[in-house]
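Each chain is listed here by its residues.
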Amino acid sequence: MRATVLRTQTTAAARRPGRLILTGLAILVASFVVFGTVLVQQITERTVRDNLSATPAVTDLVIGSTDVPPPTVEDLRQIRAVPGVADVVARVATGVSIGEDYLNLQADPGTGPLSTVRLIEGSYPDQPGEIAITPRTAERLGLSVGTTTRAVGGELTAPAPLTVTGLVDAAADAGYDAYAPDGAVIAWARLTAVERVDVRVAPDTATEVVRQRVTAAVAGQPIRSGAEVRESEANAAAEQVGKLFLLVGVFVSIAVVAAALVVTSTFRIVFAQRMRQLALLRAVGAGRGTLVAALTAEGALTGLVAGVVGVASALTLGYALPAVLRGTGHAVSSPGLPLAAAVAVVIGAVVVTVLAVLAPALSAARVSPLEALRTSSTTAGRRGIGVLRLVFGLLLAVGAVLAAVATISLLPDPDQSTYDPTMPLLLLVASGALAFCALVALGPLLVRPVLAVVGWPLRQFGPLGRMSVGGIGGAPRRAAAVSVVVALGVTLISGVVIGGASLQILADREMALSAPTDFEVTSNGGTLPPAVVTRAEAATGALARVVPYRMVGDATLLRGADRLGHVESGYPTSDLDLAALPTTADLDVAQGTLADRGPGRIVLNSWVARDADLRVGDTVALAVATSRVDVRVVAILPGDGPLHAGILADPADLDRLDVSAAYTGLLADAAATGEDGRTAGVRALRQAIGGSDGVGLTVLADERDRNDALVRTLVWIAVGLVGLTVLIAVVGVGSTTALSVVERVRESGLLRAIGLSRTGLRTMLTVESGLYGVIGATIGLVLGIPYAWLAVRTLGIEAPLTAPLLPLAGLFVALVLLTALAGVLPARRASRVSPVVALGADN
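Quick look at the structure, then. None of these values were measured; they are calculated from a predicted model.

Rules behind the numbers
Residues numbered from 1 in each chain as written. Predicted model: local features only at pLDDT ≥ 70, side-chain atom pairs only at ≥ 80, totals over all residues. Heavy atoms only, no water. Helix = DSSP H or I, 4+ residues; strand = E, 2+ residues; numbered from the N terminus. Contact = heavy atoms within 4.5 Å. Areas by Shrake-Rupley, 256 points an atom, 1.4 Å probe, with all protein chains shown as cover. Axes fitted to C-alpha atoms, helices over the stretch in contact; angles between N-to-C directions. Parallel < 35°, antiparallel > 145°, perpendicular 65-115°, else oblique. Left-handed = near helix turned anticlockwise from the far one by under 90°. Nonpolar A, V, L, I, M, F, W, Y, C, P; charged D, E, K, R; others polar. Pairing = 2+ DSSP bridges. Polar contact = N/O pair within 3.5 Å; in protein donor to acceptor, adjacent residues only side chain to side chain. Patch = residues over 30% accessible without salt bridge, like charges linked within 9 Å, V, L, I, M, F, W, Y side chains within 5 Å. Salt bridge = Lys/Arg side-chain N within 4 Å of Asp/Glu carboxyl O. Buried < 20%, exposed > 50% of the residue type's maximum accessible area, 1.4 Å probe, protein only. Phe/Tyr/Trp six-rings, centres within 6.5 Å; stacked < 30°, edge-to-face > 60°. Core = buried A, V, L, I, M, F, W, Y, C linked by side-chain atoms within 4.5 Å. Arc of directions from axis to C-beta. Expected span 1.5 Å × (residues − 1).

**Looking at the overall build of the chain**
Argument step 1. For the chain, the helix and strand inventory stands at 26 helices and 23 strands.
Argument step 2. For the chain, restricting intrachain contacts to residue pairs at least 6 apart in sequence, the fraction spanning at least 24 positions comes to 83%.
Argument step 3. About 37,700 Å² of surface is accessible on the chain, with carbon and sulfur atoms providing 62% of the total.

Written out as structure tokens, the structure reads:
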């Protein structure tokens, strides 16, 4: 009997491949995602290995290593004299100071197979004191072909002339890069050693022979092949890729769990539709164990088919996409053929599906043989949950609350100097896991209350709205199973959105302190010539605002005759006009308010306040040399002060302290946005500086752009990763709606028979599908917002707790629309069935 039942169930499933795929659609998508992740990792690592090595492909030997003293200039001469050596390039870089500006001077031949740059204007240097620079460096430092400046670098003790002879295109252009042949760099900077030496062997000479000759010439220096060095460089980059994909694996695992939950719900629906058939098998002698084995085998077959299709689809796309990208000019490598990973994914799909089908199979096997006497093959699903499940769910919920309370008790205090987030993070993860498990257990009880609230607007739209809400409320276990997966995805995404918003605000505050404007002009400890400030203020076409300031480094705080704090040299004090800066609104205060700053009132950063033991409202004396003025503390910043100032004072107070009226620096913003506006601002400030000695220009906006790009990239990567769970949830909604349409074919026919139009039926079923998203998104936001806030605090990040309402509302609407769209095709199918056919169907 066992073999007969097993053969009957698996044969019936195999004869309906469409139903088989629909039942295992979530597993198919999960298999696609898992194996696709394996292929993407291979593509990324191979692309990194093939394209991101800094060593030219023609390099045969590399002499030198960071583990031993570097090759000397004498070693370089010895290597060049070795027979069989075709080309030799010394790789060395030295920092160069041009006034207040920095230049990274690197050795490169400029031409030939060992060159890493390409000349695009002028001529490449061939003498000491000549350099070629990148286009962005020319813009940032105000240099052009033919310009001669004086600089200090390497072993030089006095400025020496540097002449720009050309512009080059390099792999990276940071805005401070210069190149020259190794001989020119060594001679100008008076270097005695280089970082390493790259060698290209002559075509008619064996590499091993040359290696032995070089070893004899420079004994003690490690010699590696070019292939070894490129492999080492690629491995270093690929290692970072591997670490990234470890994080990706965590989110993929969450998606697999979501797929298992969806498949469990799907099999419950499928088995409920076949209760009469299962009861007949029981009536003819099949035992419960036999039915469980047969239904489990059906699940295994479903997992096998879904896994194979998912892996095959991922493999097809994994090979096609790099080929398409290469056709558009992108250097993207193809993956390998990871057969072991493919087999593992397919086996994993079978195992996950079997585990997911066990609970529905055990439940379905308890069907009574008397159910065979029913006229319908479908039985109504249970609406409630058992006592054991209720108790278990409540215990999980209590555990989640206790873990959250324990996490809160371990959060750092505002003034706490040391904090280890390991234990709070573990407790937070445990709380979240327990909360999700509690949601799975208690979900059917939560559906009706949540539906009563979110479904109220729909009920006001008449019979269609009421029937849509009733269709969900009539099967709370099914609604809970699908909505819980949606809730998991929304919880994760809302956490990422809130965490990203908090980090962005924190980054804006940090930038308001260290990079409050696009540009800063400084005087290297001296004062700016008045003409520099005047010319900068006159450049209204290129600069939107110019804010000069004074900075003194030896201000002290006194109470009576006693000096406060423990700093011998005093605190850096500035009269920077915060009101003139657009980024002031991004600043945060720990105590007081910045608006109270004025004559006789100062603002302290947190370190000065702690060191001097001062609070808002305290009155002290601010002193410079022998002058002093009484001031009151009106605000304390939570961290550093703008431009690293410890004290912000009013200009009138610095005048009363006999501080020179000459400015020590100025801040400015570009009048136009984008790279063109920034370049125009740099040119205007270069013209304002003219030939002033000791005056330098720093482009602060570059740092701000890098910081903003990093935060945005991290947020989008995280959203993409947690979006995998949402994808599984949407697939679950679609498959659930499709199977529900089959289960309710008589109900659909009856509604059509009493006058409901096809459009009305389609609308009702589509709205039902969307309601899964409404319920899941509501629960997800309720859980996600507090957990996101708690995660920000647990990480020890001094970021504000914020809830970006517009992105969260967009997330809610997007999830509802996606789940509604998932039900469009099943709804169209249901509306096309004739009422006569539907009323005569036996589901």
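**With respect to the packing of helix H17 (residues 530-538) against helix H20 (residues 674-689)**
Argument step 1. Interhelical geometry of H17 versus H20 gives an angle of 150° and a closest axis separation of 8 Å. It follows from the interaxial angle that H17 and H20 lie roughly antiparallel. Considering the relative orientation of H17 and H20, their crossing is right-handed. Here H17 contributes Val532, Arg535 and Ala536 to the contact with H20, which in turn contributes Leu685, Gln687, Ala688 and Ile689.
Argument step 2. Within the contact of H17 with H20, the residues separate by chemical class into five nonpolar, one polar and one charged.

**Here's the deal with the sheet that holds strand E12 (residues 519-522)**
Argument step 1. Pairing is antiparallel in the open sheet, where four strands are placed in the order E13-E22-E12-E23. Bordering the open sheet on either side are strand E13 (543-549) and strand E23 (696-699), each of which pairs with just one other strand. Strand-to-strand twist in this sheet, taken as the mean axis angle between neighbours without regard to direction, amounts to 20°.
Argument step 2. Bridge count between E13 and strand E22 (residues 665-670): six bridges; the pairing is antiparallel. Of the residues in E22, the one forming a bridge with Val546 is Ala668.
Argument step 3. Sheet strands in contact with H20 are E12, E13, E22 and E23, and its direction is about 170° off that of E23.

**Quick look at the sheet that holds strand E2 (residues 85-91)**
Argument step 1. In space, the four strands of this open sheet follow the order E2-E10-E1-E11, with antiparallel pairing throughout. Where the open sheet ends on each side, the last strands, each with one partner, are E2 and strand E11 (223-225). The average angle at which neighbouring strand axes cross in this sheet is 25°, direction not considered.
Argument step 2. Here strand E1 (residues 61-63) runs beside E11; their pairing, made up of three bridges, is antiparallel. By the bridge assignment for E11, Leu61 is matched with Ser225.
Argument step 3. Sitting on the sheet, helix H4 (residues 73-80) is in contact with E1, E2 and strand E10 (196-201), with an inclination near 165° to E2.
Argument step 4. Across the face of the sheet, helix H7 (residues 207-217) comes into contact with E1, E2, E10 and E11 while running at roughly 165° to E11.

**As for the side chain of Asp198**
Argument step 1. As for its placement among the helices and strands, Asp198 is situated in strand E10.
Argument step 2. Engagement of the side chain of Asp198 in a polar contact is seen with the side chain of Arg91, the distance being 2.9 Å.
Argument step 3. Residues in contact with Asp198, not counting those within four places in the same chain, are Pro56, Thr59, Leu61, Val62, Asp87, Val88, Val89, Arg91 and Leu114.

**Things to note about a nonpolar patch on the surface**
Argument step 1. Together, Val343, Ile347, Val351, Leu355 and Leu358 line one region of the surface with nonpolar side chains, adding up to about 440 Å² of accessible area.
Argument step 2. Residue placement: Val351 occurs in helix H11 (residues 339-365).
Argument step 3. We classify Val351 as partly exposed; its relative accessible area is 44%.

**A look at the side chain of Thr353**
Argument step 1. Along the chain, the position of Thr353 falls in helix H11.
Argument step 2. Overall, Thr353 belongs to the buried group, its relative accessible area being 1%.
Argument step 3. Excluding anything up to four places from it in sequence, Thr353 contacts Ile27, Val263, Phe267, Gly299, Thr302 and Gly303.

**Observations regarding the packing of aromatic side chains**
Aromatic ring pairs are defined here through the distance separating the ring centres and the angle between the ring planes.
Argument step 1. Overall, the coordinates contain two aromatic pairs when judged by the stated rule.
Argument step 2. A centroid spacing of 6.0 Å and a plane angle of 75° characterise the contact between Tyr571 and Trp607, whose relative ring orientation is edge-to-face. With a gap of 36 residues between them, Tyr571 in strand E16 (residues 571-574) and Trp607 in helix H18 (residues 606-612) connect regions that are remote in the sequence.
Argument step 3. Judged by its relative accessible area of 2%, Tyr571 is buried.
Argument step 4. We classify Trp607 as partly exposed; its relative accessible area is 42%.

**Here's the deal with the environment of Gly129**
Argument step 1. Relative to the helices and strands, Gly129 resides in the loop between strand E5 (118-122) and strand E6 (130-133).
Argument step 2. Separated by 31 residues in sequence, Gly129 and Ala160 have C-alpha atoms that sit 7.7 Å apart.
Argument step 3. In contact with Gly129, not counting residues within four places along its chain, are Pro161, Leu162, Thr163 and Trp188.

**So, the nonpolar core**
Argument step 1. Counting residues in each nonpolar core, the largest one holds 67 residues, and the members touching the most others are Ala26, Ile27, Phe271, Ile472, Val490, Ile728 and Ile775.
Argument step 2. The leading source of residues in this core is helix H16 (residues 476-514), at 13 residues.
Argument step 3. Once residues lying within four places of it in the same chain are set aside, the contact partners of Ile472 are Leu451, Ala479, Glu768, Leu771, Tyr772 and Ile775.
Argument step 4. Ile79, Leu156, Leu191 and Val197 belong to the second-largest nonpolar core, a separate cluster that totals 42 residues.

**Let's talk about H7**
Argument step 1. Of all the positions in H7, only Val210, Arg211 and Val214 are classed as buried. Looking straight down H7, one finds its buried side chains confined to an arc of 105°; they lie on one side. With respect to the buried face of H7, the exposed residues turned more than 90 degrees away are Gln212 and Ala216.

**Some thoughts on the environment of Gly796**
Argument step 1. Residue position: Gly796 is located in the loop between helix H23 (758-794) and helix H24 (805-822).
Argument step 2. C-alpha of Gly796 to C-alpha of Pro424: the two residues are 372 residues apart in sequence and 9.9 Å apart in space.

**As for unusual backbone geometry**
Argument step 1. Even without being glycine, Arg190 reaches a positive phi, approximately 55°.
Argument step 2. When you line up the elements, Arg190 lands in the loop between helix H6 (182-189) and E10.
Argument step 3. Residue Arg190 is classed as exposed on the basis of its relative accessible area of 54%.
Argument step 4. The residue Asp613 is not glycine, and still its phi comes out positive at about 55°.
Argument step 5. What makes Asp613 exposed here is its relative accessible area of 51%.

**Some details on H16**
Argument step 1. For H16, with 39 residues, the first-to-last C-alpha span of 55 Å sits near the 57 Å given by 1.5 Å per residue.
Argument step 2. The buried fraction of H16 is high, at 30 of 39 residues.

**Observations regarding the pattern of salt bridges**
If the charged atoms of two oppositely charged side chains come close together, the side chains can form a pair.
Argument step 1. Using the criterion set out here, one finds 14 salt bridges in the structure.
Argument step 2. The closest approach of N and O atoms between Asp613 and Arg615, which form a salt bridge, is 3.5 Å.
Argument step 3. Residues joined by salt bridges that share partners form a network here, namely Arg91, Asp108, Arg196 and Asp198.

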